[in-house]
Amino acid sequence: MFKNYRIRDYNFKLIIMVVAITVIGILAIGSAKESVQNKQIIGAIMGLFLMIVLSFFDYSFFLRFHWLIYVFNLSLLLMVAIFGETVNNAKRWLEIGGIQFQPSELAKMAVIIVTAFILSKFQEEDGANPKAFKYIMWITGIVFILIAPENGSTAVLLAGVVFLMMLIGRIPWKQIGKLVGAVGVGVALLVSVIVIIPPSVYENVPGTHRFSTWQ
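The model shown is predicted, which means the values in this text are computed figures rather than measured ones.

The subject of this paragraph is the confidence of the model for the chain. When pLDDT is averaged along the chain, the result is 78; 80% of the residues meet or exceed 70. By mean pLDDT, helix H9 (residues 199-202) is the weakest element of the chain at 53, and helix H1 (residues 12-32) is the strongest at 89. Taken together, the stretch residues 205-215 has pLDDT below 50 and engages in 22 contacts with residues farther than four places along the chain or on a different chain.

Interhelical geometry of helix H4 (residues 66-83) versus helix H5 (residues 103-121) gives an angle of 155° and a closest axis separation of 9 Å. Classified by the interaxial angle, the pair formed by H4 and H5 is roughly antiparallel. Pair H4 / H5 crosses with left-handed handedness. The segment H4 lies against H5, with His66, Trp67, Ile69, Tyr70, Asn73, Leu76, Leu77 and Val80 engaging Pro103, Ser104, Leu106, Ala107, Ala110, Val111, Ile113, Val114 and Phe117. Grouping the amino acids of the contact of H4 with H5 by side-chain chemistry returns 14 nonpolar, three polar and no charged.

Another point: the pattern of salt bridges. Any two side chains of opposite charge can pair, so long as their charged atoms come close to each other. Throughout the structure, instances matching the rule amount to one salt bridge. Between Glu105 and Lys108 there is a salt bridge, and its shortest N-O distance comes to 2.8 Å. Of the two residues, Glu105 and Lys108 are both situated in helix H5; the distance of three residues between them amounts to about one turn of the helix.

A word on the packing of aromatic side chains. Across all of its chains, the model carries two aromatic pairs by this definition. Consider the rings of Trp67 and Tyr70, whose centres lie 5.9 Å apart with planes at 85°: the pair is edge-to-face. Taken together, the positions of Trp67 and Tyr70, both in helix H4 and three residues apart, correspond to about one turn of that helix. With a centroid separation of 5.4 Å and an interplanar angle of 35°, the aromatic rings of Phe122 and Tyr135 are classed as tilted. With Phe122 in the loop between H5 and strand E4 (123-124) and Tyr135 in helix H6 (residues 130-147), this pair connects stretches of sequence that are 13 residues apart. Here Phe122 falls in the buried class, since its relative accessible area comes to 16%.

A separate point is the environment of Leu119. Turning to its location among the elements, Leu119 is positioned in helix H5. Classification of Leu119 by relative accessible area gives buried; the value is 8%. With 10 residues separating them in the primary sequence, Leu119 and Asn129 have C-alpha atoms 8.3 Å apart.

So, how was this worked out
Residues numbered from 1 in each chain as written. Predicted model: local features only at pLDDT ≥ 70, side-chain atom pairs only at ≥ 80, totals over all residues. Heavy atoms only, no water. pLDDT = per-residue confidence, 0-100. Helix = DSSP H or I, 4+ residues; strand = E, 2+ residues; numbered from the N terminus. Contact = heavy atoms within 4.5 Å. Axes fitted to C-alpha atoms, helices over the stretch in contact; angles between N-to-C directions. Parallel < 35°, antiparallel > 145°, perpendicular 65-115°, else oblique. Left-handed = near helix turned anticlockwise from the far one by under 90°. Nonpolar A, V, L, I, M, F, W, Y, C, P; charged D, E, K, R; others polar. Salt bridge = Lys/Arg side-chain N within 4 Å of Asp/Glu carboxyl O. Phe/Tyr/Trp six-rings, centres within 6.5 Å; stacked < 30°, edge-to-face > 60°. Buried < 20%, exposed > 50% of the residue type's maximum accessible area, 1.4 Å probe, protein only.

This is the structure in structure tokens:
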């Protein structure tokens, strides 16, 4: 379950870079809204501690529970839709035990873990088995549908990460081409609706505030 590390083999450079980026982010947030800076510092310390602890686990240990992790994150996303808190006209936050977080961020990691497992399971000498593409589309599509209405930027980022993973996993170009075409048509239609329809038509319609999350 645990990796056998020698201290000299530990990637301290990666830790230093993560800490540096985090400090820059906290300073940037503090300059914009100083009142939330302390929460960011506490969150950064907790995240750094958790990151170091998890780095000592063998990644294959987590792959054993890939579907459990995925279903758990789906449950959190559904809880957001029902019990989530609305901030800046978008319901994307969940509060459990006094801790407020965005389940969409955890969902990204869950999708990456499951996608990696599928690609490794269906890997063949000439590339990934076509079944891998179908499974990946299902697990990514469900999460995308739950995230996109309220957090469009995260949904787009998730789609990009999965796309790169499929390229690295050698999914046949024919299947990837179909995916890119479908996504392109969908984005074009969405942009057309937002640009062509005057804001006065939908600004008073419940739920249409979600368009703002794509900006």
